There are 2 protein chains.
Amino acid sequence: MRNVAIGQAGGPTSVINSTLSGLTKELSGDYSLYYVKDGYGGLVENNLIKVDEKMILKLNKYTYLPGAFLGSGRYELSKENLSQIVFNMKEKQIETLVFIGGNGTMKALHKISYEAKRQNYDLQVIGIPKTVDNDIYYIDHSPGFGSAAKYVAYATRDLSLDLASMKNFEQVRVVETMGRNAGWLAAASGFLKRDENEGPHFIALPERPLNKERLLETVENSVKENGYATVVVSEGVLWDDDTGISFNTFNNRTVLGGVSQKLSHFIGEETNLNVRAENLGMLQRCFSKLISETDKKEAFLVGIEGGKYVRLNKSDVVVSIDRVKQKQYEMKMEPIPLEKVVRHGERLMPDKFIDNLEEYYEWLSPIID
Amino acid sequence: MRNVAIGQAGGPTSVINSTLSGLTKELSGDYSLYYVKDGYGGLVENNLIKVDEKMILKLNKYTYLPGAFLGSGRYELSKENLSQIVFNMKEKQIETLVFIGGNGTMKALHKISYEAKRQNYDLQVIGIPKTVDNDIYYIDHSPGFGSAAKYVAYATRDLSLDLASMKNFEQVRVVETMGRNAGWLAAASGFLKRDENEGPHFIALPERPLNKERLLETVENSVKENGYATVVVSEGVLWDDDTGISFNTFNNRTVLGGVSQKLSHFIGEETNLNVRAENLGMLQRCFSKLISETDKKEAFLVGIEGGKYVRLNKSDVVVSIDRVKQKQYEMKMEPIPLEKVVRHGERLMPDKFIDNLEEYYEWLSPIID
């Protein structure tokens with residue numbers, strides 16, 4: 001039986017284990033499966049576990065739980081690491097490598113595939129998408145995003161209603177979402193907004209630099225009209241003079257976060273209003289009790305589809321989700337070249353959605369369910 | 001028809017409007033109802049709205065939404081304010097005052113009742129409990145708490161599973177919950193923990209001052225054994241040398257918050273581990289998609305019960321929930337003297353629960369459902 005190594009990498013999503021379940025279901029029995037522990041780190045350190053009956057039973061318990069079942073993590077791949085990975089693959093006679101991940105993972109897979117070719121080792125490489133940021137190119141929407149968007153939409157609506165009733169004490173809330181370069185998640189915050197007066201009253205997306213005057217004017221107008229203002233800000237937003245609003249050092253690298261606190265201080269000082277920061281944090285990618293059913297189903301299906309590509313000997317491809325129909329939603333999956341995905345880089349929100357959020361919310365509707 | 005004024009005060013809960021619905025349902029038709037806008041502020045400013053059919057239809061839409069339907073807020077009652085309130089009640093011929101609130105509200109009601117007596121005005125005063133902190137004395141559990149505890153339990157479990165899979169990148173998360181003086185909410189964070197190795201690995205309650213060495217030792221041991229550590233901290237926790245961990249100034253008064261960030265920095269500096277703060281924030285009191293069904297039902301029932309006390313001419317009482325049976329859970333409601341509740345102050349977690357969390361989780365189980 002052909003040996004297949006399977007891993008998960010990057011930040012987990014609430015449905016990442018459904019994908020692993022689909023993939024495992026499709027392949028087990030016909031292939032000899034190995035799980036890679038803790039992302040690429042496990043490839044470098046040759047930390048592979050043979051998948052047996054017991055492991056599959058354990059996975060079944062974790063299918064609907066957050067956190068990557070195999071362990072994940074972040075890991076910079078050096079030249080030596082890449083060489084070591086291919087060496088390890090050869091040694092264990094791994095002929096197929098499948099990873100579930102985001103843009104970073106697709107880049108890593110591309111490098112590993114290139115290194116295998118350089119060493120004349122025949123390695124089948126397949127990428128399966130997952131990201132709450134929804135920023136993988138050529139994919140209509142990535143598994144994990146729908147559930148995260150649903151959490152952001154309900155959390156913002158609820159925080160806004162809560163604030164509305166406390167306006168004699170607190171007038172402004174700045175809600176921070178994930179999304180380094182792409183505003184898909186932040187923009188989802190207005191999905192449940194029913195009329196102009198409800199929050200969010202201002203959404204700052206990383207695609208559009210933030211103008212201080214426009215922000216303050218919108219906040220002050222909303223406080224004048226409604227008594228309060230809900231501001232949503234994506235973690236990667238920059239001021240329009242190109243300066244970052246907030247960067248923190250974490251694990252010896254610069255990570256985003258804290259932008260809501262910085263903006264809260266800014267608004268508080270400039271307006272004399274009482275402002276509170278609410279960072280939605282990691283719950284966006286792991287809150288298990290508000291998963292989108294469509295997202296959960298599709299996460300499973302991309303796993304199955306990835307397994308089919310293994311059977312069909314497709315290599316250097318990524319499973320993509322394409323939207324066939326918007327009304328009476330229908331999607332189809334197909335393989336797209338890994339190189340194409342990697343070359344294009346991050347997928348930002350298109351102008352048509354940024355300039356017309358109603359159109360975006362229509363598009364979002366079947367994914368959030 | 002007798003004129004009854006109804007208000008909501010203090011921080012809202014996810015089920016606060018169910019109580020208003022129950023109360024309104026019990027009384028409308030037989031009494032002339034007035035809604036007080038924005039808490040005690042509305043009493044002082046005589047901001048009362050006659051409840052009509054249209055208002056009730058609007059309330060029906062808000063019954064299962066968070067935020068106080070009538071507006072709430074915080075407000076310090078001066079002697080002049082109290083006198084003004086009773087003056088306003090007399091003028092509008094309000095004979096009954098019912099407020100839905102926590103300890104602060106019960107104190108305010110007690111003062112208003114005292115002032116009415118001083119002015120020889122016959123005012124019926126009834127308090128209905130709501131608080132996510134669960135700190136009202138003589139009440140087994142207050143409406144609002146069960147839903148907040150459920151959110152804390154799931155959020156902590158999910159954040160912990162997410163962290164477990166990212167341990168090569170991040171080893172410690174400090175999760176901050178509400179609870180100024182009482183640890184009911186923070187302690188609920190371990191409700192879904194299935195075995196010793198799972199998070200939370202350390203829970204800091206305001207009832208027990210925090211020892212730095214014990215905290216660091218527990219974190220380091222858990223990282224050694226499990227690769228990661230989840231720490232939960234209640235916003236009001238103090239170091240055992242009696243110094244506060246974090247106080248911020250907000251709205252010209254000291255408010256709690258930010259303790260998770262301070263603790264994260266502390267742990268990061270002392271251990272060289274990578275630590276992230278996660279403040280569960282206001283979503284604890286308003287997340288509409290993870291409401292406890294028992295909590296929602298009981299929130300409605302205390303409203304009905306409060307209405308019955310109006311009919312029975314009971315005054316200076318609070319609706320209390322008493323637990324009749326733990327197994328095959330059963331509760332009963334009864335009036336308790338307002339003065340008794342006010343005199344006793346905040347209800348902390350008893351030692352028997354702090355020292356035996358399993359016993360606490362059994363007690364918690366029927367409320368969280």
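Summary of the structure given here. Just so we're clear, the structure is a prediction, and the values are computed from it rather than from any experiment.

**What to know about the overall build of chain A**
Step number 1: Each helix and strand counted, chain A has 14 helices and 13 strands in total.
Step number 2: The C-alpha atoms of chain A give 22 Å as radius of gyration, which agrees with the globular expectation for 369 residues (21 Å, within 12%).
Step number 3: Dimensions of chain A, computed from C-alpha atoms along their principal axes, come out at roughly 70 × 45 × 35 Å.
Step number 4: Going through the 369 residues of chain A one by one, you find that 62% of them count as buried.
Step number 5: Contacts spanning at least 24 positions in sequence make up 76% of the contacts within chain A whose residues lie at least 6 apart.
Step number 6: For chain A, the computed accessible surface area is about 14,700 Å², with 45% contributed by carbon and sulfur atoms.
Step number 7: With 45 positive and 50 negative side-chain charges, chain A shows a separation of 6 Å between the mean positions of the two kinds.

**Structural notes on the interface of chain B and chain A**
Step number 1: Chain B puts 47 residues into the contact, and the matching count from chain A is 47 residues.
Step number 2: Summing both partners gives a buried area of about 4,300 Å² for chain B against chain A, and 59% of it is carried by carbon and sulfur.
Step number 3: Taken together, the connections running from chain B to chain A amount to 15 residue pairs in polar contact (both at pLDDT 80 or more).
Step number 4: For the side of chain B that touches chain A, the elements supplying multiple residues, two or more each, are α6 (145-164), β11 (275-279) and α10 (283-286) of chain B.
Step number 5: Element by element, the count of residues in the side of chain B that touches chain A is highest for α6(B), at eight residues.

**Some details on the environment of E80(B)**
Step number 1: Secondary-structure assignment places E80(B) in helix α4 (residues 79-91).
Step number 2: Distance in space between the C-alpha atoms of E80(B) and V44(B) is 9.3 Å, their sequence separation being 36 residues.

**Quick word on the state of the cysteines**
Step number 1: Under the defined criterion, the tally for this structure stands at zero disulfides over all chains.
Step number 2: With no disulfide of its own, C286(A) has C286(B) as its nearest cysteine by sulfur position, at a separation of 17 Å.
Step number 3: Judged by its relative accessible area of 0%, C286(A) is buried.

**Details of the relation of the copies chain B and chain A**
Two chain copies here: they are related by a rotation about an axis and a translation along the same axis.
Step number 1: Note on the copies: chain B fits chain A at an RMSD of 0.0 Å, the axial shift is 0.0 Å, and the rotation between them is 180 degrees. Between the two chains, the operation in question is that of a two-fold axis.
Step number 2: The fraction of interface residues of chain B whose copies in chain A are also interface residues reaches 100%, indicating that both copies meet through the same surface.

**Comments concerning empty space enclosed by the protein**
Step number 1: All chains considered together, the criterion is met by two cavities of 30 Å³ or more.
Step number 2: Y151(A), N279(A), L280(A), L283(A), Y151(B), E278(B), N279(B), L280(B) and L283(B) are the residues that line the largest cavity.
Step number 3: Classifying every residue of the lining of the largest cavity gives six nonpolar, two polar and one charged.
Step number 4: Taken as a whole, the second largest cavity spans an internal volume of roughly 40 Å³.
Step number 5: Together, N103(B), M106(B), K107(B), V341(B), V342(B) and G345(B) line the second largest cavity.

**Remarks on the packing of helix α1 (residues 16-27) of chain B against helix α11 (residues 293-311) of chain B**
All names here are of chain B.
Step number 1: Two elements in contact, α1 and α11, have axes whose closest approach is 7 Å; the angle formed by their N-to-C orientations is 35 degrees. Taken as a pair, α1 and α11 cross one another with a handedness that is right-handed. Of the residues in α11, those touching α1 at S18, T19, S21, G22, L23, K25, E26 and L27 are K296, A299, F300, V302, G303, I304, G306, G307, K308, V310 and R311.
Step number 2: Broken down by class, the residue content of the contact of α1 with α11 amounts to seven nonpolar, seven polar and five charged.

**As for the nonpolar core**
Step number 1: Core analysis: the biggest nonpolar cluster contains 73 residues, and Y360(A), Y360(B) and L364(B) have the highest contact counts within it.
Step number 2: Discounting chain neighbours no more than four positions away, the residues touching L364(B) are F145(B), A149(B), A188(B) and F191(B).
Step number 3: By size, the runner-up hydrophobic cluster in this structure holds 58 residues, among which are Y40(B), V86(B), Y121(B) and V302(B).

**Side note on the packing of aromatic side chains**
Step number 1: By the definition in use, this model includes 33 aromatic pairs over all chains.
Step number 2: Among the aromatic side chains, those forming a connected cluster through ring pairs are F145(A), W184(A), F191(A), F353(A), Y360(A), Y361(A) and W363(A).
Step number 3: The ring centre of Y34(A) lies 5.3 Å from the NZ or CZ of K50(A), which sits over that ring.
Step number 4: Taking NZ or CZ as reference, K296(B) lies 4.6 Å from the ring centre of Y64(B), over its face.

**Describing the pairing of strand β6 (residues 172-177) of chain B**
Residues and elements named next belong to chain B.
Step number 1: Burial runs high along β6: six of the six residues are buried.
Step number 2: Of the two faces of β6, both are covered, the one formed by V172, V174 and E176 as well as the one formed by R173, V175 and T177.
Step number 3: Relative to strand β8 (residues 229-234), β6 is paired through six bridges, and the arrangement is parallel. Note on β8: the bridge partner recorded for V175 is V232.
Step number 4: Here β6 pairs with β11 via five bridges, running parallel. Bridge pairing links R173 to R276 in β11.

**Some words on α11(B)**
Residues and elements named next belong to chain B.
Step number 1: For α11, which comprises 19 residues, the first-to-last C-alpha distance of 28 Å matches the rise-based estimate of 27 Å (1.5 Å per residue) to within 8%.
Step number 2: If you check which residues of α11 are buried, you get T294, D295, E298, A299, V302, G303, I304, E305, G306, G307, Y309 and V310.
Step number 3: Looking one or two residues past α11, N313 carries a phi angle of roughly 60 degrees, positive in sign.

**Describing the sheet that holds strand β7 (residues 202-204) of chain A**
All names here are of chain A.
Step number 1: Taken together, four strands build an open sheet; the order of strands is β7-β8-β6-β11 and the sheet is parallel. Every other strand in the sheet has two partners, leaving β7 and β11 (275-279) as the edge strands with one partner each. In this sheet, adjacent strand axes meet at a mean angle of 20 degrees when their direction is disregarded.
Step number 2: Set on the sheet, helix α6 (residues 145-164) makes contact with β6 (172-177), β8 (229-234) and β11; between it and β6 the angle comes to about 170 degrees.
Step number 3: Across the sheet, helix α9 (residues 259-271) is in contact with β6, β8 and β11; its angle to β11 comes to roughly 170 degrees.

**Here's the deal with the sheet that holds β6(B)**
Residue and element names in this part refer to chain B.
Step number 1: If you trace the four strands from one edge of the open sheet to the other, you get β7-β8-β6-β11, paired in parallel fashion. Pairing within the sheet leaves two strands with one partner each, and these edge strands are β7 (202-204) and β11. Across this sheet, the average inter-strand angle for adjacent strands is 20 degrees, counted without regard to direction.
Step number 2: Helix α9 (residues 259-271) rests against β6, β8 and β11 of the sheet, and its axis sits at about 170 degrees to β11.

Cut-offs used in this document
- Residues numbered from 1 in each chain as written.
- Chains lettered and ligands numbered in written order.
- Predicted model: local features only at pLDDT ≥ 70, side-chain atom pairs only at ≥ 80, totals over all residues.
- Heavy atoms only, no water.
- Helix = DSSP H or I, 4+ residues; strand = E, 2+ residues; numbered from the N terminus.
- Rg over C-alpha atoms; globule rule 2.2 N^0.38 Å.
- Buried < 20%, exposed > 50% of the residue type's maximum accessible area, 1.4 Å probe, protein only.
- Contact = heavy atoms within 4.5 Å.
- Areas by Shrake-Rupley, 256 points an atom, 1.4 Å probe, with all protein chains shown as cover.
- Lys, Arg positive; Asp, Glu negative; His and termini not counted.
- Charge placed at Lys NZ, Arg CZ, Asp CG, Glu CD.
- Buried area = accessible area lost by both parts, 1.4 Å probe.
- Polar contact = N/O pair within 3.5 Å; in protein donor to acceptor, adjacent residues only side chain to side chain.
- Disulfide = S-S within 2.5 Å.
- Least-squares fit on C-alpha atoms with pLDDT ≥ 70 in both.
- 1 Å grid on protein atoms, 1.4 Å probe; cavity = no way out; pocket = protein on both sides within 12 Å on 5 of 7 lines; lining within 4 Å.
- Points joined across faces, edges and corners; volume = space filled by probe spheres on them.
- Nonpolar A, V, L, I, M, F, W, Y, C, P; charged D, E, K, R; others polar.
- Axes fitted to C-alpha atoms, helices over the stretch in contact; angles between N-to-C directions.
- Left-handed = near helix turned anticlockwise from the far one by under 90°.
- Core = buried A, V, L, I, M, F, W, Y, C linked by side-chain atoms within 4.5 Å.
- Phe/Tyr/Trp six-rings, centres within 6.5 Å; stacked < 30°, edge-to-face > 60°.
- Lys NZ or Arg CZ within 6 Å of the ring centre and 35° of its normal.
- Pairing = 2+ DSSP bridges.
- Expected span 1.5 Å × (residues − 1).

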